[in-house]
Amino acid sequence: MKFKKFLYSQKTAPYVFALPFILSFVIFWIYPLISAIVMSFQDIGAVTADWVGLKNYAKLLKDNVFHTAVINSFEYMLFTCALLIPFPMLFAVLMDSNIVKAKGVWKAMLYVPALTSVVISGTLFRLMFSEYRTGQMNVVLSILGMAPVKWLKIKWTSEIALLLLCCWRWTGVNMLYFLSGLKSIDKELYESAEIDGASFGAKLRYITLPLLRPTTIYVLTISIYAGLAMFLESFMLWAGNSSPHNIGLTIVGYLYKRGIEKNDMGYACAVGVVLMVLGLAINFVQLGLNGSFQKEDR
Amino acid sequence: MAVRASSKDRRGMRARRLVGSVLATGWFVFLSLVVFFPIFAGAVASFRPGVELIRRGLSVNLDVSTMNLNNYNYLFSGNADSRKYWMWFRNSMYLTIVTVVLTLLICYFVAYGITMYEFRLKRVLFFLVIATMMVPFEILMLPLYREIISMRLINTTAGVILPGLCGASTIFFFHQYMSSLPRELLDAGRIDGANEYRICVGIMLPITKPAFSAMAILCAMGAWNNMLWPLLIYRSADRFTLTIGLNTLLTPYGNNYDMLIAGSMLAILPILAVFLLFQRYIIDGMTAGAVKG
């Protein structure tokens, strides 16, 4: 009876509600996170785990394949941020103005790629970027009077394929983020700017961009993580985790290769820790430069 | 004179607006066509033998005389392959439904606790929810995989679902939504003699329905298309979902492309249907993350 009273009291209730999160946080977040760091200092066999100190990290420093993976992931992240922020933002601004007709249709159409799983979209793109003369992209090239290209065997053409796949999947999603950000901007601001005779460009620069900042920072933050941690897109585009001269290998791809395919968990965890440090560092710098921390202090 | 000039101006403005409207709408028509193209190409290719995809790659060929329904007939034929495909389909459905129901309920309760009460750990818990968003899942993947093995949950749906059950973005969205609900309702419920849990389920849950719709669709999309984690956890072929199953068809020499291309097109349909039914909620659902930044 006493216990029941305790359980039903207003003081206990929030903890009962939050209990699943607390459990999940401890079991499925903190514990694996600490394990990842611990494992990265170990050599893990079938039953044994031997401490090897910094050996895994020393090996990473000399591992050229890992360096290729880091460079690939980094490039991919930079390009996706450069493509998937300004363009979706512009499309959202355009769509938010009342000159576009049948908005709902275009919003839905642009969102559809996000509904397809990577297996399907990656396979469709792989076959469209086929090296044969009859693949869609080579058909386009031949219309433009160019020779067919072995898209997925050359570094920079495969980068194009990968980026197109990524833009195809996420442009609609990011546009919706910006549209929802635009929704929260007070329309009266535009009206009073119009009375003052502000041009479209001036309104964009002095009202839209500054007020979209929280959305932009949010999209940038998740894009940095998603870009650095990209794996399945490349996995499906090359129909497996190996590509000629590792042109499609990413950090997570290497983590998967070492940890799952070669069962070298300790080394793979070191790869994961490097990825985490890279992601956190870049985002901290980015958020710092954008002044996000000051805002919270205020 | 002045009047005439201004009416001319206005006509000019209207013409400019019309041109602008046509150009802007035309741009989105173009963009939509480009975006729809790969799926269209896949759909067209699904009416031809899959071996053509291996020999020729994918391109749009609208010659109807060479198209047939063989791939789809094969999928519905009831032979071993088609039974396998529909098993993947069922497994995906099952995984999606269980994931959506459990995730929404649990995230609702967690968000309710964090939002509706003032208690000592409130801010700490909220901070931790946000913190879990700051580490990509892929980093935790290997230790989690070992953990699931040692918990004997490998090859089970529980092993696939449990780690993602308290999704930070879902909790965050419910929190955002509930922050705008009047807390007086809680007190009213208390005066009526309802206990804390009854208030949560009986009074607050019904008025949170719009948030459930928004999260249901995003959660369903994630579960239906989830690949990496189920790929690690599901070991036996009778557990495979569509994403893993279709992936097994990707052997370079196999003649499985008949099934792959037709099966891929069919796999898009259920989630597309859900999307079309609930799409107006999506934008609300996505406002969630973007608000705070």
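Residues numbered from 1 in each chain as written. Chains lettered and ligands numbered in written order. Predicted model: local features only at pLDDT ≥ 70, side-chain atom pairs only at ≥ 80, totals over all residues.

How should the overall build of chain B be read in this particular structure?
In terms of helices and strands, chain B carries 14 helices and 0 strands. Put simply, chain B runs from its N terminus to its C terminus through helices and strands in the order α-α-α-α-α-α-α-α-α-α-α-α-α-α. A compact globule built from 293 residues should have a C-alpha radius of gyration of about 19 Å, whereas chain B, at 26 Å, is more than 25% larger. Seen through its principal axes, chain B has C-alpha atoms that stretch 90 × 75 × 35 Å. Counting only residues that meet the buried cut, chain B has 40% of its 293 residues in that class. (Helix = DSSP H or I, 4+ residues; strand = E, 2+ residues; numbered from the N terminus. Rg over C-alpha atoms; globule rule 2.2 N^0.38 Å. Buried ≥ 20, exposed ≤ 12 C-beta atoms within 10 Å, placed from the backbone.)

Explain the interface of chain B and chain A to me, please; I cannot follow it from the model alone.
Where interface size is given, it is often the accessible area lost as the parts come together that is meant. On the chain A side, the residues contacting the 71 residues of chain B number 71 residues. Counting residues per element, the side of chain B that touches chain A draws most heavily on helix 14 (residues 257–292) of chain B, at 14 residues. Taken together, the residues of the side of chain B that touches chain A break down into 47 nonpolar, 18 polar and 6 charged. (Contact = placed C-beta atoms within 7 Å. Nonpolar A, V, L, I, M, F, W, Y, C, P; charged D, E, K, R; others polar.)

In this structure, what is going on with the packing of helix 8 (residues 168–179) of chain B against helix 11 (residues 209–225) of chain B? I would like to understand it.
Packed helix pairs are characterised by how far apart their axes lie and by the angle those axes make with each other. Residues and elements named next belong to chain B. Where helix 8 meets helix 11, the closest approach of the two axes is 10 Å, and the angle between their N-to-C directions is 165 degrees. Classified by the interaxial angle, the pair formed by helix 8 and helix 11 is roughly antiparallel. Considering the relative orientation of helix 8 and helix 11, their crossing is right-handed. Listed contacts from helix 11 to Thr170, Phe173, Phe174 and Tyr177 of helix 8 are Ala211, Met215 and Cys219. Of the residues in the contact of helix 8 with helix 11, the class split is 6 nonpolar, 1 polar and no charged. (Axes fitted to C-alpha atoms, helices over the stretch in contact; angles between N-to-C directions. Parallel < 35°, antiparallel > 145°, perpendicular 65-115°, else oblique. Left-handed = near helix turned anticlockwise from the far one by under 90°.)

For this particular structure, what's the right way to read the domain arrangement of chain B?
All names here are of chain B. Taken as a whole, chain B is organised into domain 1 (2–66) and domain 2 (79–292). The interface of domain 1 with domain 2 comprises 9 residues on the first partner and 8 residues on the second. Secondary-structure elements contributing two or more residues to the side of domain 1 that touches domain 2 are helix 1 (2–45) and helix 2 (51–56). Along the lines of polarity and charge, the residues of the side of domain 1 that touches domain 2 split into 6 nonpolar, 3 polar and no charged. (Domains from an automatic or database assignment.)

In this structure, what is going on with the nonpolar core? I would like to understand it.
Most often, soluble globular proteins have nonpolar side chains that are buried together. Ranked by size, the top nonpolar core spans 148 residues in total, and within it Ile251 and Val271 of chain A together with Cys107, Val110 and Ile171 of chain B carry the most contacts. With 14 residues, helix 4 (residues 80–116) of chain B is the single largest residue contributor to this core. Shared between two domains, this core holds at least three residues of each, these being domain 1 (2–66) and domain 2 (79–292) of chain B. Contact partners of valine 271 of chain A, with chain neighbours within four places excluded, come to Leu60, Phe66, Ile251, Tyr254, Leu255 and Arg258 of chain A. (Core = buried A, V, L, I, M, F, W, Y, C linked by C-beta atoms within 7 Å.)

How do you make sense of the confidence of the model for chain A when you look at a structure like this?
For residues with low pLDDT, the predicted coordinates do not support detailed interpretation. The share of residues in chain A with pLDDT of 70 or more is 98%, and the mean pLDDT across the chain is 90. Taking the mean pLDDT of every element in chain A, the minimum, 58, falls on helix 16 (residues 292–297) of chain A and the maximum, 96, on helix 4 (residues 64–84) of chain A. (pLDDT = per-residue confidence, 0-100.)

So what exactly am I meant to see when it comes to helix 8 (residues 136–143) of chain A here?
Two residues of an α-helix separated by three or four positions point the same way, owing to the 3.6 residues in each turn. Of all the residues in helix 8 of chain A, the buried ones are Gln136, Met137 and Asn138 of chain A. After helix 8 of chain A finishes, the residue glycine 145 of chain A shows a positive phi value of roughly 80 degrees.

How should I be thinking about the confidence of the model for chain B in this particular structure?
Taken over all residues, the pLDDT of chain B has a mean of 88, while the share at 70 or more is 92%. Confidence estimates for the predicted assembly give a pTM of 0.90 and an ipTM of 0.88.

How should the packing of helix 2 (residues 13–39) of chain A against helix 5 (residues 122–132) of chain B be read in this particular structure?
Their axes nearest at 11 Å, the elements helix 2 of chain A and helix 5 of chain B cross at an angle of 45 degrees. As the angle between them shows, helix 2 of chain A and helix 5 of chain B are arranged oblique. Where helix 2 of chain A crosses over helix 5 of chain B, the handedness of that crossing is left-handed. Across the interface between the two elements, Ala18, Phe21, Phe25 and Trp29 of chain A of helix 2 of chain A pack against Leu125, Leu128, Val129 and Thr132 of chain B of helix 5 of chain B. Across the contact of helix 2 of chain A with helix 5 of chain B, the residue classes tally to 7 nonpolar, 1 polar and no charged.

I'm lost on unusual backbone geometry in this one. Help?
Residues apart from glycine generally show negative phi values, whereas peptide bonds are mostly found in trans. A positive phi angle, near 55 degrees, is found at asparagine 263 of chain A, a position not held by glycine. Counting through the fold element by element, asparagine 263 of chain A comes out in the loop between helix 14 (251–261) and helix 15 (265–289). Of note in the backbone geometry, asparagine 155 of chain B takes a positive phi value of approximately 65 degrees without being a glycine. We classify asparagine 155 of chain B as partly exposed; it has 15 C-beta atoms within 10 Å.

I would appreciate a short explanation of the environment of glycine 189 of chain B in the present structure.
Residues and elements named next belong to chain B. When you line up the elements, glycine 189 lands in helix 9 (residues 184–191). The exposure class of glycine 189 is partly exposed, given the 18 C-beta atoms found within 10 Å. A C-alpha to C-alpha distance of 7.6 Å links glycine 189 and isoleucine 203, two positions 14 residues apart in sequence.

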